[in-house]
Amino acid sequence: MKTVDLTERRRWPALIAALLLALPVAAQSVREPKLPIAWNRFYDYDGIVRLCTQLATAHPESCTLSYIGPSEERRPMPLLTISRDVRSADLDSRSAMWVDGNVHGNEVQGGEAAVYLAWYLLERDGELEAITELIDERVFYILPMVNPDGRQWWFEGANTPNSSRSGKRPTDNDGDGEFDEDGADDLDGDGDIVNMRKRVEPGTGSYRLHPDDSRILQRVPQDKLVEWGADYVLLGQEGFDNDGDGRVNEDGPGGYDMNRNWPAGWMPRHIQFGAGDFPFSYPETAAIGRFIAAKPHIAAVQSFHNAGGMILRGPGADTRTSYFPRADRSTYDAIAAEGERQLPFYRSMVIYDDLYTVHGGFVDWTAETLGIISFTNELWNSSQLFSEGAGGVDVWDDDVTHTEKQHAFDDLVMFGDTWVPWHEVEHPDYGTVEVGGFRKMTGRTPPHFMIEEMLHRNAAFCLYHASEMPKLEVVSVDVEPAAGGARYVTVEIRNTRWIPTRTAVAAEKGIGPPDVAVLAGAGVTVVAGGAGADRFDLRDFDAVEHEPARLQLDRGIPGHGSERLRWIVRGQGEFTVTLTTQKAGTITATGTL
Amino acid sequence: MLPRLDFGLGALLPATLFTLALAALPVVAQDDAAPDVPDLANDEILPALAELVRGHPGLASLLPLGPTVGGHDVNALLLTARPQARAPMRGWLVVGGLDGRRPSDATVVLRLAEALLEDEQALAEVLGDGTLVLVPRANPDGAAALLGGNGPIHEQVGNGRPDDRDRDARIDEDAPADLDGDGLVTWMRVPDAAGEWVIDEHDPRAMRKAVRAEGERGTHRLLVESLDADGDGELGEDGRDGVHLDRNFPHLFEEQQAISGAYPLSEPESMNLARLMLHAPGLIGVLVIGPQDSFASLPKEEKNPRRSGFRNSFSAPFEGMLADDLGPLKELQRRFTETFEDSGDKHEVKAEALPGGSFVAWAYHQGGCWPLSVKPWAAPEKFPKKEKENEKGDDAEAAEAGATDPDVAGDEDDTSSASDDHAENAAAAAASDDEDDQDDEDDEDDEDGEEGDEEGDEEGDDEGDDEGDDDEGDDDEGDDDEGDDDEGDDDESDEGDEGDDDDAAADDDAAEDEAKDEDKPTSDKASPVPAAVLAWLDQEHEGAGIVPWAAFEHPDLGPVEIGGLAPGTLFNTPGSVAAEFGTRLAPFVLELLAVMPAVTFEDVEVEDAGGGIFRVSAALVNTGVLPTHTSFGATTGLQRAIRVRLQLSDGAALLNGPTQVLVDRLEGSGGRREMRWVVSATPGDRLTLSADADTVADVELDVEL
Ligand SMILES: [Zn+2]
């Protein structure tokens, strides 16, 4: 059995402290990165794989790269494991954090956020005590691309900011027996899918050009159509009726949602769009499910999405509130409150209550079925484009439309980089139309120069969450005389972090095993034992009826709390108390009778 | 394009396996009259199927469904007369033995297959290009527990999946055991004034619960034959139950219950069945041989189908069926009853209410299939009639002819009081016996429940209350499961279907009849050793299955008695009954094949409007008895709609009307959808109408203008 030696000093801080003494002071003012990576851009599938490879190569002692999957289109899914002595250590004895991103193909920055976290950990290991400690004591499993096919398709295909969340398994979305036969079409071949509008006889349309900005269409009220001479109709996104069924763009690539494919309150398609045929029905979700199920020491989960600036926790549906007992809500609130400080423009929210109902979401599964404290962050909030009042645009003014703000930003800061001006194109069904709009890398993703800030602040939130995984220490081991020659042995074990060794939902729903404390010694006989021992009254503890040497702690050791265990023993010699937990390793205390 | 996987034989069955199967052992002899038809061993099923394939190469083939957790194989028989093996699979799926305690289901299914194949010609006619898939034993791991070869003979509802049932961080460490070395895991009765049980005054070998409300105090505890192997004070609390496959399907799956499995379709056995349906969405219905019975008690109607904001979608799973789908189901029930009456069997069974996670419910609620289930037999709850009473009874029955029999179908209260619950009730009761003071309070609640029951009529006596209360004080997974079932039952009776009043009246009559006969009390249905079952075994089977109580010195409990009933006695259909039932089922299964939907184009009219313009109209008509889709299936969308397309020869052009129509559903027996087009063409041009779908065969019609 692997035990945590509490007396062992952390080697790295001491070593680094020594090094720093020897270095010239100037070295701190210009820090050369060990592995320089540009964080002002996005990377396609191959780019992310390359970064992961570089990280693992540069840090072989503390980082390994493995692959799970492959995806529907046979792309291996790179997974980084980060911890001290990562190849030799018994990782199961350390609390672990799972971090992933990009389950939705178009929500690409989750991938960079995951890689940035890995990079930052490895980059500052040995330099910053907090980071060094995390690598010493914790394990990070980092999967940048849950949906590598969707990611690659978003970069290489003609797409919008919103197309598409899906993976690439061909799916019959319109029920006509054909698969993916009518997606959007890049009519002008410029690599962007934007909007189509068409000019019609004045009074017969439903829009007109904005009087101050002809790039913007203004909806005309029903009773003003003739008076205002409404002369434009909107025809949706670029595309035509590929399959001749009278509908446009109704069955594009894929057409499902892998963040609805997890076995926690899973519902079939007629209740939850995109759910798949059954939980884990996609190769990507199945691969992740297998990996996580085999790593019961995972005690924290973070999933990166875009957008809106949210720190989300479950439940995903109002029928699932019993999976978030009060004690766990306190843990979530404590961590999310710190996150709101780390992430300006982000708000802590509850999925079903503040966003919308999600059946079978990933963090629903990790939180509700596996009992792990789990967050989803929606990265990037377009309110960040302007801080309040800057550029003459009040970000909180509802009268200024989102489109107007986006135009102002594109004009003032991006110099037209993100806008496709309206231009005429021949359409097979509609004749001459105008095509134009914002490119895909707007709205849900930050402009390039704001990417790094987004990545770092979200990594900071992850690191805080990771540091709040349970951490145990022995407070005291006391031996006191009892009547008749027996002795009381009292051991107090403390958890110095927010997350308990067993969450309340795990205890209440019977998820995973309870923590188990065993007192053993060659010359020792255990007469009675129990937890919940009183500090002063030796006779006061919750004696168990059977197996007094083996105490089951159903609720584990609470966050920022302790558990006092007490036994009545006979005999003499050394004894050991071993507390085995699934989420925080094993800790031992010894004493002598 | 990725079409749905094809389950044609060519794709699935390697030639070598085929040969192996054909070369295997001879089929087990069947003898309808023999009272002792043995349950088929796991390794007898493949040879039996292979024998049928060898005897009927034109119709029958083998369909392997894959290995189980415990390393057995599940195999199916595929019957079809379709010319090409790779055509879509349209038809019915018959599944037996999902519940490990019911190895006899395999006898039913195999006997059914044999009976169907006896008249190859008749079968081929109704099959057409349809298919019938028969799975004799879906859970061989569980069956192995009763059939030997997996430790002492014991009841195991689930597959071979290990688990930590009592959540003590130890897996399967305290299983029920064969203490007295007779090869069977039976029961222990322990003299104990703190127990809830007494020896039944009708039969000293039987046990019943003490009626505390009437001042009767328990004298015994009743426990599964077991030790406290892990020293935690609980006896046999973490055994090899495995995952109950019939709780492992997604619809209303009960999470965090070890018996349900880690997640929906976590088990290879259930997944392979589900894939059969997901990949062959032309399967229009399932017939499950097991503890549920859709003929004895029709599924209830969904009263409140909440639609969500999206077209064709709902905000919550249904518990019942859509009213549109209950009509055809009633018709199937009527045909079932008819074919069974023809065979002289009134099919009076009390069946289990539909549990969460069941296969048959999932087949409807996600698969859109007709959800049929049938329970061949239930352990008797009443004492067998003695000779003279028998005569009297016959008279009474004759007098009653035409009236609703209180025991039969439709009485939801009654059917919910599942005799399958015998042993689990007892296990729950026994477990609560063993609990501390806290639970004694709960036990008193039980009494309240029982008191209420006692005051009611005996037929209506529903141990659900009793059992539900046990659950509250009891953490045992299996009990929770049962408790939930009963909650479901209560709902049913509360909601009150149309039939309820009639049934209740019938109950009252029956209660009066019974009350008059003081010598014939009902035995304790919740007991794992019920007096009525002992009496029946004595009378019909010369006492086979009864294990006499024998004294035993128990290491944890001191002097006890071990005995009661052999494992499986209350669940498993007696072999001869199972074989007969399979034969009787055959005419009904032929009906199922005969009533399948089929479409054709009718009333095709071409009107020359002059100037090279033609008006074309046609109707797509369902000539089958069943609708082309269940109403709910048209919503779930697993089975796609019928796609109707119009194609014109070169030179002709469509002026008006759709090029494609998706028809969600056509009612049975003439349900139709009319369509119209205007076409520009020259005489002699051709137009082609086609319809293709999952649930009906493709049709095509060529019209010359
Ligand atoms: Zn997302």
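Residues numbered from 1 in each chain as written. Chains lettered and ligands numbered in written order. Predicted model: local features only at pLDDT ≥ 70, side-chain atom pairs only at ≥ 80, totals over all residues. Heavy atoms only, no water.

**Some thoughts on the overall build of chain B**
Assigned secondary structure in chain B consists of 19 helices and 20 strands. Across the 705 residues that make up chain B, the buried fraction comes to 58%. Residue pairs in contact within chain B that sit at least 24 positions apart in sequence constitute 75% of those at least 6 positions apart. Carbon and sulfur atoms make up 48% of the accessible area of chain B, which amounts to about 27,200 Å² in all. (Helix = DSSP H or I, 4+ residues; strand = E, 2+ residues; numbered from the N terminus. Buried < 20%, exposed > 50% of the residue type's maximum accessible area, 1.4 Å probe, protein only. Contact = heavy atoms within 4.5 Å. Areas by Shrake-Rupley, 256 points an atom, 1.4 Å probe, with all protein chains shown as cover.)

**As for the packing of aromatic side chains**
Counting across every chain of the model gives 31 aromatic pairs over all chains. Between Tyr 332 of chain A and Phe 375 of chain A, the aromatic rings sit 5.4 Å apart at their centres with planes inclined by 80 degrees, giving edge-to-face as the arrangement. Residue Tyr 332 of chain A is located in helix α7 (residues 326-342), and its partner Phe 375 of chain A is located in strand β12 (residues 373-379); the two are separated by 43 residues in the primary sequence. Judged on exposure class, the residue Tyr 332 of chain A and its partner Phe 375 of chain A are both buried. Ring plane angle 5 degrees and centroid distance 3.9 Å describe the contact between Phe 295 of chain B and Phe 336 of chain B, whose orientation is recorded as stacked. Of the two residues, Phe 295 of chain B is situated in the loop between β9 (283-289) and α8 (323-342) and Phe 336 of chain B in helix α8; the sequence distance between them amounts to 41 residues. Grouping residues by exposure puts Phe 295 of chain B and Phe 336 of chain B together as buried. (Phe/Tyr/Trp six-rings, centres within 6.5 Å; stacked < 30°, edge-to-face > 60°.)

**As for the coordination of the zinc ion**
Residue and element names in this part refer to chain A. Donor atoms from the polypeptide that coordinate the zinc ion comprise His 104 (ND1), Glu 107 (OE), Glu 107 (OE) and His 305 (ND1), at 1.9 to 2.5 Å from the metal. Around the zinc ion, the four donor atoms sit at angles spanning 57 to 157 degrees, and that spread fits a shape best called irregular. When the donor residues of the zinc ion are listed from N- to C-terminus, their spacing reads H-x2-E-x197-H. Here Glu 107 is found in the loop between β3 (96-101) and α3 (109-124), whereas its partner His 305 is found in strand β9 (residues 298-306), with 198 residues between them in sequence. On the basis of relative accessible area, Glu 107 is assigned to the buried category, the value being 2%. (Donors = N, O, S within 2.8 Å, 3.2 Å for Na, K, Ca; no water. Tetrahedral: all angles 85-135°; square planar, octahedral: opposite > 155°, others 65-115°.)

**Focus: the sheet that holds strand β21 (residues 561-571) of chain A**
Hydrogen bonds between backbone groups are what pair the strands of a sheet, and the pairing can be parallel or antiparallel. Residue and element names in this part refer to chain A. Spatial strand order, β15-β16-β21-β18-β19: five strands in an open sheet with antiparallel pairing. Unpaired on one side and paired on the other, β15 (472-481) and β19 (542-543) mark the two borders of the sheet. In this sheet, β21 lies alongside strand β18 (residues 524-531) in antiparallel orientation, the contact comprising six bridges. Residue pairing for β21: Gly 529 is matched across the bridge by Trp 567. (Pairing = 2+ DSSP bridges.)

**Structural notes on a nonpolar patch on the surface**
Side chains of Leu 412, Val 413 and Phe 449 of chain A sit close together on the surface and give an oily, nonpolar patch of about 270 Å² of accessible area. Inspection of the secondary structure assignment puts Phe 449 of chain A in the loop between β14 (431-438) and α11 (451-467). (Patch = residues over 30% accessible without salt bridge, like charges linked within 9 Å, V, L, I, M, F, W, Y side chains within 5 Å. Salt bridge = Lys/Arg side-chain N within 4 Å of Asp/Glu carboxyl O.)

**Some words on the pattern of salt bridges**
All names here are of chain A. This structure, assessed with the given rule, holds 70 salt bridges over all chains. In this structure, the salt-bridge partner of Lys 168 is Glu 73, at a minimum N-O distance of 3.3 Å. Placement of the pair is Lys 168 in the loop between α5 (148-156) and β5 (195-199) and Glu 73 in the loop between β1 (63-68) and β2 (77-82), with a sequence separation of 95 residues. On the basis of relative accessible area, Glu 73 is assigned to the partly exposed category, the value being 33%. For Asp 277, the salt bridge goes to Arg 269, with nearest N and O atoms at 3.2 Å.

**Considerations on the domain arrangement of chain A**
When the parts of a complex come together, some accessible area is lost, and that lost area is often used as the size of the interface. Per the domain assignment, the segments of chain A are domain 1 (6-154 + 255-380 + 451-467), domain 2 (175-250 + 409-438) and domain 3 (472-592). Centre-to-centre separation of domain 1 of chain A and domain 2 of chain A, based on C-alpha positions: 38 Å. (Domains from an automatic or database assignment.)

**Thoughts on the interface of chain A and chain B**
Taken together, the contact pairs 37 residues of chain A with 40 residues of chain B. Summed over both partners, the interface of chain A with chain B comes to about 3,000 Å²; 55% of that surface belongs to carbon and sulfur atoms. For chain A, the biggest contributors to the area lost against chain B are Phe 179, His 270 and Phe 278 of chain A; these three give 22% of the whole. Linking chain A to chain B there are three salt bridges. In this structure, Glu 547 of chain A engages Arg 170 of chain B in a salt bridge whose closest nitrogen and oxygen atoms are separated by 3.0 Å. One can count 10 residue pairs in polar contact (both at pLDDT 80 or more) joining chain A with chain B. (Buried area = accessible area lost by both parts, 1.4 Å probe. Polar contact = N/O pair within 3.5 Å; in protein donor to acceptor, adjacent residues only side chain to side chain.)

**Describing the nonpolar core**
Ranked by size, the top nonpolar core spans 72 residues in total, and within it Ile 82, Leu 117, Leu 121, Phe 140 and Ile 142 of chain A carry the most contacts. Among the elements that line this core, the one with the most residues is α3 of chain A, at 10 residues. Counting contributing residues per domain, this core is built from domain 1 (6-154 + 255-380 + 451-467) and domain 3 (472-592) of chain A, each supplying no fewer than three. If we skip the residues at most four places from it in the chain, Leu 117 of chain A touches Val 99, Phe 140, Ile 142, Ala 459, Cys 462 and Leu 463 of chain A. With 58 residues, the next largest nonpolar core counts Ala 48, Leu 62, Leu 110 and Leu 322 of chain B among its residues. (Core = buried A, V, L, I, M, F, W, Y, C linked by side-chain atoms within 4.5 Å.)

**So, the side chain of His 407 of chain A**
All names here are of chain A. Residue position: His 407 is located in helix α10 (residues 402-414). A relative accessible area of 2% means that His 407 is categorised as buried. When neighbours within four sequence positions are excluded, His 407 is seen to be in contact with Asp 213, Arg 215, Ile 216, Trp 419 and Phe 438.

**Structural notes on the sheet that holds strand β1 (residues 60-67) of chain B**
Residue and element names in this part refer to chain B. The strand order across the open sheet formed by six strands is β1-β2-β4-β3-β9-β10, and the pairing between neighbours is mixed. Of all strands in the sheet, those with a lone pairing partner are β1 and β10 (370-374), marking the two edges. With strand direction ignored, the average angle separating the axes of adjacent strands in the sheet is 20 degrees. Set on the sheet, helix α7 (residues 268-279) makes contact with β1, β3 (91-96), β4 (131-135) and β9; between it and β1 the angle comes to about 135 degrees. Against the sheet, α8 contacts β3 and β10, and its axis sits at roughly 35 degrees relative to β10. (Axes fitted to C-alpha atoms, helices over the stretch in contact; angles between N-to-C directions.)

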